[in-house]
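# Summary of the model geometry
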Amino acid sequence: MLDLLLQYGLFLAKIVTVVIALLFIIVTIANVGDRRRHHDEDGEIEVMRLNERFEHFANTLRMTVLDKSTLKAYFKNEKEKSKQAAKEDAKKTPDDIKKRVYVINFNGDIRASATENLRQEITAILSIVDKDKDEVVVNLESPGGMVHGYGLASSQLARLREHHIPLTICVDKVAASGGYMMACLADKIIAAPFALIGSIGVVAQIPNFHRLLEKWDIDFEVLTAGEYKRTMTVMGENTEAGRQKFIAELEDTHTLFKEFVKEYRPNLDIQQVATGEHWYGKRAVDLGLVDTLMTSDEYLLTASKTADIFAVRFVHKQNFMQKMGVAATLSADNLLVKWWDRLSQTPRF
């Protein structure tokens, strides 16, 4: 039975090796002649005025549901309003310009890789935003991930706070662990009623194959310089001292996490909410993790009545081969992350 399991394991290892090799070849081909490419230099900011999008949706419905005479009267009235608004705009001073709302979308993975775009988007907004009038809205979705990745993402949002720019974060689905770490930087957190919120905790898991290797008389040595250079290993023998040191590091990371949340949400009962649990939006409001229950769609649609809404997105320029390379890289990364996630001792929010 054991021989069968070993043969099956070797077969799976061969399949994974072949798949990774093919992906590596595709990525290598895609990157030939492009080794000096820098994402920051080959990207650009795209801006979409969402007011026009909302108006287009509404007019599409009007043209379907209204009769011709009513529709004609409506557009005639709107034309008159536009003329009057144009006359009023010509008389306006810079202080009379409407409020602007800049919208950023952040969809977080385990490595918070969207941070690379976030930093460019925030830099662009900071170059033009009026801190006395404008607002930044981040549509955030993230179940959390690596500590250093979400630490950097949070630092990008902190730039807005440091410049005293009003920041609203909308959570429609999930902002847990590192995702909530980002959310707590907002002046106002808005969540859908059943969005997952919280999970203020730290986790790390690591299998150990030492006994299996020992059974088959296979030596695996871990050589280090420094008492705690490697506290836990996958293949070597783990010691109680190393285990306790690793747990102490997790506890320290959790303490830093709680201190960070408490700094930006001072009214929270941090001992009550920093247990690693998560709550749905409605319960999160009661606990003070969230300020208001509302979807991002409703918030932006309401804001569009009195403000100009702009979606801001940083986009990388890519040719066909680069797109193929990125797709292959993401596939390889996802495969490796899933495998490494089961083996890694890297702490995660």
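The structure displayed is predicted, hence computed values, not measured ones. (Residues numbered from 1 in each chain as written. Predicted model: local features only at pLDDT ≥ 70, side-chain atom pairs only at ≥ 80, totals over all residues. Heavy atoms only, no water.)

### Some remarks on the environment of Glu240
Rules: Runs of E in the DSSP output that reach at least two residues are strands. Runs of H or I that reach at least four are helices, and both are numbered from the N terminus. Exposure is judged per residue with a 1.4 Å probe applied to protein chains only, and the accessible area is read against the type maximum: over 50% gives exposed, under 20% gives buried, and values in between give partly exposed.
By secondary structure assignment, the location of Glu240 is in helix α8 (residues 240–264). Under the relative-accessibility criterion, Glu240 is labelled partly exposed at 46%.

### Structural notes on the side chain of Ser296
Our working rule: The criterion used for residue contact is that any of the two residues' heavy atoms lie within 4.5 Å.
Following the sequence through the fold, Ser296 ends up in helix α11 (residues 296–303). Discounting residues that sit within four places of it in the chain, Ser296 has contacts with Asn139, Cys170 and Asp172.

### Details of a nonpolar patch on the surface
Applicable threshold: A patch consists of residues whose relative accessible area exceeds 30% and which take part in no salt bridge; residues with like charges are grouped when within 9 Å of each other, and nonpolar side chains (Val, Leu, Ile, Met, Phe, Trp, Tyr) when within 5 Å. The Shrake-Rupley method, run with a 1.4 Å probe sphere, supplies the accessible areas, and residue values consider only the shown protein chains as cover. The rule for a salt bridge is simple: a side-chain nitrogen of Lys or Arg has to be within 4 Å of a carboxyl oxygen of Asp or Glu.
A contiguous nonpolar surface patch, about 370 Å² in accessible area, is contributed by Phe209, Leu212, Trp216 and Ile218. With respect to the helices and strands, Trp216 occurs in the loop between α7 (210–215) and α8. With relative accessibility at 39%, the residue Trp216 sits in the partly exposed group.

### Regarding the pattern of salt bridges
For the coordinates displayed, the defined rule picks out 10 salt bridges. The shortest N-O distance in the salt bridge between Asp187 and Arg161 comes to 3.9 Å. Note that Asp187 is positioned in the loop between α6 (178–183) and β6 (188–191) and Arg161 in helix α5 (residues 147–162), a separation of 26 residues in sequence. A relative accessible area of 45% places Asp187 in the partly exposed class.

### A closer look at the sheet that holds strand β7 (residues 196–198)
Definition in use: In this analysis, strands are considered paired if DSSP registers two or more bridges between them. To define axes, lines are fitted to C-alpha atoms, for helices over the stretch in contact only, and angles between the resulting N-to-C directions are given on a 0 to 180 degree scale.
Within the open sheet, the 3 strands sit side by side as β5-β7-β8. Their pairing is mixed. For this open sheet the edge positions go to β5 (174–176) and β8 (278–280), each flanked by a neighbour on one side alone. The average angle at which neighbouring strand axes cross in this sheet is 30°, direction not considered. Both β5 and β7 contribute to a ladder of 3 bridges, which runs parallel. Its bridge partner lying in β7, Ala176 is registered against Gly198.

### Description of the nonpolar core
Spelled out, the test is: The definition of a nonpolar core used throughout is a set of buried Ala, Val, Leu, Ile, Met, Phe, Trp, Tyr and Cys residues joined through side-chain atoms within 4.5 Å.
Ranked by size, the top nonpolar core spans 49 residues in total, and within it Phe106, Val138, Leu157, Ile169, Tyr180, Ile197 and Leu289 carry the most contacts. A per-element tally of this core places α5 first, with 5 residues. One finds Cys170, Leu300, Ala307 and Ala311 within the second-largest nonpolar core, a separate group that totals 12 residues.

### Remarks on helix α4 (residues 115–126)
For clarity, the threshold we go by: By this rule the span expected of a helix is its residue count minus one, scaled by 1.5 Å.
Over its 12 residues, α4 extends 16 Å from the first C-alpha to the last, a length consistent with the 16 Å expected when each residue adds 1.5 Å. Among the residues of α4, Thr115, Leu118, Gln120, Glu121, Ile122, Ile125 and Leu126 are the ones counted as buried. Tucked inside the fold, the buried residues of α4 contact β1 (43–49), β2 (99–107), β3 (135–141), α5, α6 and β10 (307–316).

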